[in-house]
Amino acid sequence: MLIAAQNAMLAGGGGGGDVVFATHFEVTTGSSYLTAGIYSATAIDLSAPIVVDWGDGTTDSVMGNISQLTHTYATEGVYTVAISDNISTFAINANDSSWYSSATNNQMNITRILDISENVTSIPAYGLAVLYKLTSFYAGDNGSLTLGSSALSQIGSDYYNKYVDVDLSGRTITNLASFCFNLSSLHSIQWPQGLQSIDYKCFAFTTLRWTYNDETGTYTYFEMVIPEGVTTLGSSAFHHAGTSDRTGPLLEITLPSTLALVYDKAFADNSFLGTIRCNAPQAPSTPYNPFGTGNFLDYYTGCNYASAGTNRLYVPAGATGYDSSYWLDPLQDSSKCGFTKVEA
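Residues numbered from 1 in each chain as written. Predicted model: local features only at pLDDT ≥ 70, side-chain atom pairs only at ≥ 80, totals over all residues. Heavy atoms only, no water.

K.L.:
Can you lay out the overall build of the chain for me, pointing to particular residues and giving the numbers?
P.N.:
Helix and strand counts for the chain stand at three helices and 26 strands. Relative to the globule expectation of 20 Å for 344 residues, the C-alpha radius of gyration of the chain, 22 Å, shows essentially globular dimensions. Each principal axis of the C-alpha atoms in the chain carries an extent, and together these give about 70 × 40 × 35 Å. Put simply, 69% of the contacts in the chain that link residues at least 6 apart link residues at least 24 apart. If you sum the accessible surface of the chain, you get close to 13,900 Å²; carbon and sulfur atoms cover 48% of it. In the chain, 12 side chains carry a positive charge and 29 a negative one; their mean positions are 10 Å apart. (Helix = DSSP H or I, 4+ residues; strand = E, 2+ residues; numbered from the N terminus. Rg over C-alpha atoms; globule rule 2.2 N^0.38 Å. Contact = heavy atoms within 4.5 Å. Areas by Shrake-Rupley, 256 points an atom, 1.4 Å probe, with all protein chains shown as cover. Lys, Arg positive; Asp, Glu negative; His and termini not counted. Charge placed at Lys NZ, Arg CZ, Asp CG, Glu CD.)

K.L.:
Before we move on, can you summarise the packing of aromatic side chains with the specific residues and values?
P.N.:
Ring pairs (aromatic) are described by centroid distance and by the angle formed between their planes. Here the structure, examined in full by the defined rule, presents 14 aromatic pairs. The interplanar angle of 75° and the centroid separation of 6.0 Å between the aromatic rings of phenylalanine 272 and tyrosine 305 together place this pair among those described as edge-to-face. One end of the pair, phenylalanine 272, is in the loop between strand 23 (261–262) and strand 24 (275–278); the other, tyrosine 305, is in the loop between strand 24 and strand 25 (312–315), and 33 residues separate them in sequence. The partly exposed category is assigned to phenylalanine 272, whose relative accessible area is 23%. Residue class for tyrosine 305 comes out partly exposed when judged on its relative accessible area of 32%. Through successive ring pairs, a cluster of aromatic residues spans Phe181, Trp191, Phe203, Phe238, Phe267, Phe291, Tyr322 and Trp327. The ring of tyrosine 160 has lysine 133 sitting right over it, with the charged end atom 5.0 Å from the ring centre. Geometry around tyrosine 314 places arginine 277 over its ring, the cationic atom sitting 4.6 Å from the centre. (Phe/Tyr/Trp six-rings, centres within 6.5 Å; stacked < 30°, edge-to-face > 60°. Buried < 20%, exposed > 50% of the residue type's maximum accessible area, 1.4 Å probe, protein only. Lys NZ or Arg CZ within 6 Å of the ring centre and 35° of its normal.)

K.L.:
Report on the sheet that holds strand 26 (residues 340–343), specifying residues and quantitative values.
P.N.:
By definition, the strands of a sheet pair up through backbone hydrogen bonds, in either a parallel or an antiparallel sense. Strand order in the open sheet formed by five strands is 20-22-24-25-26, with parallel pairing between adjacent strands. Looking at which strands have only one partner, the edges of the open sheet turn out to be strand 20 (224–225) and strand 26. Taken together, the four bridges between strand 22 (residues 252–255) and strand 24 define a ladder with parallel strand orientation. When the bridges of strand 24 are listed, glutamate 252 appears paired with threonine 275. (Pairing = 2+ DSSP bridges.)

K.L.:
Lay out the nonpolar core with the relevant residues and their values.
P.N.:
Counting 79 residues, the largest nonpolar core has Phe137, Leu176, Phe181, Ile198, Phe203 and Phe238 as its most contacted members. Leaving out residues up to four positions away in the same chain, phenylalanine 181 has contacts with Leu152, Ser153, Ile155, Val166, Leu168, Leu176, Leu186, Ile189, Cys202, Phe203 and Thr206. In terms of nonpolar packing, the next biggest core, distinct from the first, is built from six residues, Ala94, Tyr100, Ala129 and Val130 among them. (Core = buried A, V, L, I, M, F, W, Y, C linked by side-chain atoms within 4.5 Å.)

K.L.:
So what's going on with the pattern of salt bridges? Residues and values would help.
P.N.:
The final tally for this structure, using the stated rule, is five salt bridges. The closest approach of N and O atoms between lysine 341 and aspartate 323, which form a salt bridge, is 2.9 Å. Highlighted residues: lysine 341 in strand 26 and aspartate 323 in the loop between strand 25 and helix 3 (325–328), separated in sequence by 18 residues. Here lysine 341 falls in the partly exposed class, since its relative accessible area comes to 24%. Taking the shortest distance from any N to any O, the salt bridge between lysine 336 and aspartate 329 comes out at 3.0 Å. Judged by its relative accessible area of 23%, lysine 336 falls in the partly exposed class. (Salt bridge = Lys/Arg side-chain N within 4 Å of Asp/Glu carboxyl O.)

K.L.:
Residue-level account of the state of the cysteines, with values.
P.N.:
Applying the stated criterion to the full structure yields zero disulfides. Just so you know, cysteine 202 is unpaired, no disulfide at all, and the nearest cysteine sulfur is the one on cysteine 180, 4.9 Å from it. Residue class for cysteine 202 comes out buried when judged on its relative accessible area of 0%. With no disulfide partner, cysteine 303 has as its closest neighbouring cysteine sulfur the one in cysteine 337, 7.7 Å distant. (Disulfide = S-S within 2.5 Å.)

K.L.:
Just give me the short version of the side chain of histidine 239, but keep the residues and values in it.
P.N.:
With respect to the helices and strands, histidine 239 occurs in the loop between strand 21 (232–233) and strand 22. The buried category is assigned to histidine 239, whose relative accessible area is 6%.

Below you can see the structure in the form of structure tokens.
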């Protein structure tokens, strides 16, 4: 969709017939970062090749599955890599430091994921992780997609001033797996269709980019609005989500009416989080404390503003269950989180 003009067909391709390119990503090379690669891709039809157009007039045609395919560019520039749609899984990186720091320069020169073929149904663990210069990720249109553990961890980088706009809205993804966006630097997120759960440390230790308006001299903070349909937030799902230096802390979160279960430390160590809007008419079950204990790296949710009395928990009129369990203590304890419940 983003680059429809480049979704052309290439005659031949070694397997007969035409080759349709449906997965694209951008490589921006520098003098020290000329090598890019694809760690793995699984062929749908083993009798036909997977064709990779590297964007510089060079193509590779691989029979069977791709395993650690690399390409070195002759000159610096911006190149669009296109992969034929004969793939069901796709990974640029893996949990293999020698690959992304030695065999390739992926962590420094992959700048955008432009689209992913609807035939791709899985991004494996660490498949698109450790892409420090990434600024946008578009998952493509149509079909279900499974994201493995840490699939998009450490994308973008506060250090390099790169923050990622994530668009999952064209896909059906029922679960965001553990560590999925852990340690990533995000500018925005568009949620997938059909999302039901956000797992362990999915957004833990993320950097959330605020947007500065030069005309008004004000910042627009990162909006974290969990979509309707989500029923479960895993342990530490949003633990320490946001920073307070060059970007901005998580100030506000909106929880859906469908939310039924929140696990331990889900919002812990978000000391600037001062507004929680929970639309569930019955307080979600909290088997363990999701709001912190006051210990190091487990600070109470909203503790920076607790003494000021400005923290607010907004719930629907007539909602029940918010005056018990951890929704009461520590969340509404003035010496801990310091939230005041407001029915709205």
